[in-house]
Amino acid sequence: MSAPAAALTALREKFPRVTERASADHPAADVPAEELLAVLRCLRDEHGYDLLADLTAVDWAEGASPRFTVIYHLLSTATPGYLRLATACAGDTEPAAPSVTGLWPAANWHEREAYDMFGIRFTGHPDLRRILMWDGYPHHPLRKEFPLAGVETPLPDPEIVAETGAKAIAAPMAGGPFVASPGEMKMTEAEPRAKDESWNEAKDKPE
Amino acid sequence: MATEMNIPDSAARGAQVPAGFDSERMSLSMGPSHPSTHGVLRLQMELDGEVLTKCDPVIGYLHRGDEKIAENMTYNQFVPYTDRLDYLAPLANNMAYAIAVERLAKLEVPARCQAIRVITAELARISAHLLGLGAFGIDTGAWTVFMYAFTEREKLYTLFEELTGARFTTSYARIGGVARDVPEGWTQRVDKFCDQFLPILEEILALLSRNKIFMDRTVGVGVISREDAIAYGLTGPNLRGSGVPLDLRKDRPYSGYEQYDFDVPVGTTGDSYDRYLVRGEEMRQSVRIIKQAVANFPTGLWYAPDAKRIFAPPKDKVLTSMEELIQNFMIVTEGPQLPPGEVYFEAENPKGALGFYIVSKGGGVPYRLRIRAPSFCNLSILPKVCVGNLVSDVVSILGSLDFVMGECDR
């Protein structure tokens with residue numbers, strides 16, 4: 001048994017509510033949100049998973065419950081091997097998850113990004129602000145209902161907007177390669193043609 | 001006001017205000033267009049005289065939504081976008097992405113393809129580190145290094161152009177192979193480049209390694225302890241500069257790296273100077289790897305022949321054979337058909353561990369594609385490492401962290 005798999009077995013003995021997660025590569029586990037911090041602390045201090053390689057989230061689309069999952073990838077610097085842990089966010093419209101910034105400062109920016117992109121609130125995060133989009137941006141772009149082209153948004157500085165009338169407009173959808181859809185699809189749907197043809201550079205987007 | 005600070009420079013210590021003398025703090029915005037922020041990074045700093053009391057990096061100026069774009073196109077279509085992550089080492093990015101998808105497809109590529117990828121990734125590492133050193137030199141007042149480095153990079157770009165058809169955005173790797181086989185005599189030219197490069201590298205490093213001005217600007221500046229480096233998720237030369245010998249090429253070998261003999265340099269104190277030394281040594285090691293790969297360059301196919309539903313067939317076959325034409329058509333219109341599942345793969349790129357986390361629900365389009373950018377993680381330590389330093393030292397720290405905003409902002 002590989003070192004990560006052994007760590008996971010030991011973990012599941014200690015935390016019976018941790019369940020195995022389907023994975024195509026590294027050993028993975030689902031962790032209930034209440035036990036997340038204890039589990040991660042145990043992995044870091046007792047099993048040597050000292051490096052938080054990645055922290056991200058997945059949106060399982062509107063209608064799914066739990067809709068958002070936070071994914072942690074841990075790496076051990078002593079006996080390198082990855083572990084994947086997943087925890088479902090509480091709440092589907094206003095998701096929340098415990099912050100792990102207390103365990104790894106590395107989580108600070110990753111959680112800010114997950115908040116920015118998905119709107120997940122990390123309870124206990126010292127400074128949860130947007131990181132890639134600007135402050136005051138009203139959307140969470142990586143949510144599945146957010147359109148690829150973007151949406152028209154006022155710019156953050158009202159003075160400049162008043163003077164110039166500038167705004168962040170959505171990208172034109174005419175033609176372009178952004179047409180492929182996930183899952184099973186008919187060939188005609190995958191042809192290189194914009195899906196939403198009701199508007200383009202010449203014709204304004206309907207309100 | 002008395003702030004507990006560790007001021008590294010004797011001149012700064014002399015300029016320190018006497019106790020009880022309360023001065024007003026100044027806030028200063030450095031960037032987003034500043035020569036030392038290497039792209040579009042903005043540092044919102046709070047200063048007490050010349051000394052930083054707070055540093056808040058503002059990023060996102062180059063955010064293009066690569067992860068959202070990836071969810072809306074087939075796996076093959078995303079390869080050119082990986083060029084634009086760390087645009088100083090597109091060949092290494094292409095390879096990391098291709099391997100991540102191959103892990104999902106449970107696909108093994110032939111030895112020749114692996115060797116081509118190793119050679120290109122190591123050439124990309126040399127190219128990226130040369131630029132990193134050149135820019136670091138400029139930041140600390142040594143212009144010559146930049147000129148030397150760019151002369152060598154020009155030779156590398158000529159090699160890239162010959163192999164991939166492009167100098168900068170190469171899009172060379174494919175899922176299950178590479179775009180085309182190496183041209184006649186290319187590996188010999190790579191070997192020749194390595195032979196003439198080694199003495200020039202020594203010359204370049206000699207310009208900095210014992211340079212009084214450079215050492216004054218870097219030794220003991222921006223010290224990152226081993227514990228901090230791990231806690232902040234640093235990877236690559238920045239982690240190894242702090243003395244952690246983690247190199248994914250050694251510890252989690254991919255693409256046949258286990259066959260090559262090379263050393264992993266580590267620093268001792270974790271200051272800017274150590275990070276410079278690590279990069280210098282890594283270039284020597286890259287040359288070692290390339291020379292081994294060229295000497296034992298495998299024959300055979302440069303793409304996985306069993307990947308019928310993933311890798312587009314050779315063009316001459318597409319134009320002459322019905323079966324290959326249909327196969328090509330299906331791959332172009334529907335994308336490579338991959339099984340459902342989750343994979344996470346990290347490759348040791350010039351800037352650190354570039355990770356791709358892919359969630360697939362089957363079919364030709366990823367359901368979610370996450371890019372773990374090393375520059376993003378490496379920059380997240382700035383608020384910690386910059387505080388207590390002089391503004392001019394921030395320039396040297398930024399240079400030593402060697403980041404690329406295209407990758408940080410994605």
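Preceding this section is the structure that the text describes.
Quick look at the structure, then. All values reported here derive from a predicted model rather than from experimental measurement. (Residues numbered from 1 in each chain as written. Chains lettered and ligands numbered in written order. Predicted model: local features only at pLDDT ≥ 70, side-chain atom pairs only at ≥ 80, totals over all residues. Heavy atoms only, no water.)

Observations concerning the interface of chain A and chain B
Step number 1: Taken together, the 56 residues of chain A in the interface contact 50 residues of chain B.
Step number 2: Taking both sides of the interface into account, the surface hidden between chain A and chain B amounts to around 4,600 Å²; carbon and sulfur atoms contribute 60%.
Step number 3: Across the contact surface, chain A and chain B share 7 salt bridges.
Step number 4: For Asp-56 of chain B, the salt bridge is made with Arg-129 of chain A, and the minimal N-O distance between the two is 3.2 Å.
Step number 5: Summed over the shared surface of chain A and chain B, the number is 23 residue pairs in polar contact (both at pLDDT 80 or more).
Step number 6: Mapped by element, the contributors of at least two residues to the side of chain A that touches chain B are β3 (51-59), β4 (68-75), β5 (82-88), α3 (107-118) and α5 (187-190) of chain A. (Contact = heavy atoms within 4.5 Å. Buried area = accessible area lost by both parts, 1.4 Å probe. Salt bridge = Lys/Arg side-chain N within 4 Å of Asp/Glu carboxyl O. Polar contact = N/O pair within 3.5 Å; in protein donor to acceptor, adjacent residues only side chain to side chain. Helix = DSSP H or I, 4+ residues; strand = E, 2+ residues; numbered from the N terminus.)

A short note on the pattern of salt bridges
Side-chain pairs of opposite charge can arise whenever the charged atoms involved come near each other.
Residue and element names in this part refer to chain B.
Step number 1: Scanning the entire structure with this criterion turns up 46 salt bridges over all chains.
Step number 2: Between Glu-152 and Lys-155 there is a salt bridge, with the nearest N and O atoms lying 2.9 Å from each other. Of this pair, Glu-152 and Lys-155 both sit in helix α6 (residues 143-164), 3 residues apart, which is roughly one turn of that helix.
Step number 3: Residue classification places Glu-152 among the buried positions, given a relative accessible area of 2%.
Step number 4: Residue Glu-348 is joined to Arg-240 by a salt bridge in which the shortest nitrogen-to-oxygen separation is 3.0 Å. Pair noted here: Glu-348 is in strand β6 (residues 341-349) and Arg-240 is in helix α10 (residues 237-241), with a separation of 108 residues, a long-range link. Summarising the burial analysis for this pair, Glu-348 and Arg-240 share the class buried. (Buried < 20%, exposed > 50% of the residue type's maximum accessible area, 1.4 Å probe, protein only.)

Examining the pairing of β4 of chain A
Consecutive side chains of a regular strand alternate in pointing toward one face of the sheet and then the other.
Residue and element names in this part refer to chain A.
Step number 1: In terms of burial, β4 is a largely internal element, 8 of the 8 residues being buried.
Step number 2: Judged from the 8 bridges that link them, β3 and β4 form a sheet pairing that is antiparallel. Paired with Thr-56 across the two strands is Ile-71, which belongs to β4.
Step number 3: One ladder, built from 7 bridges, connects β4 with β5; its direction is antiparallel. Across the sheet, residue Tyr-72 finds its bridge partner in β5, namely Leu-85.
Step number 4: Linking β4 to β5, which pair antiparallel, is a turn of 6 residues. (Pairing = 2+ DSSP bridges.)

Limitation: the analysis is restricted to geometry and does not speak to function.
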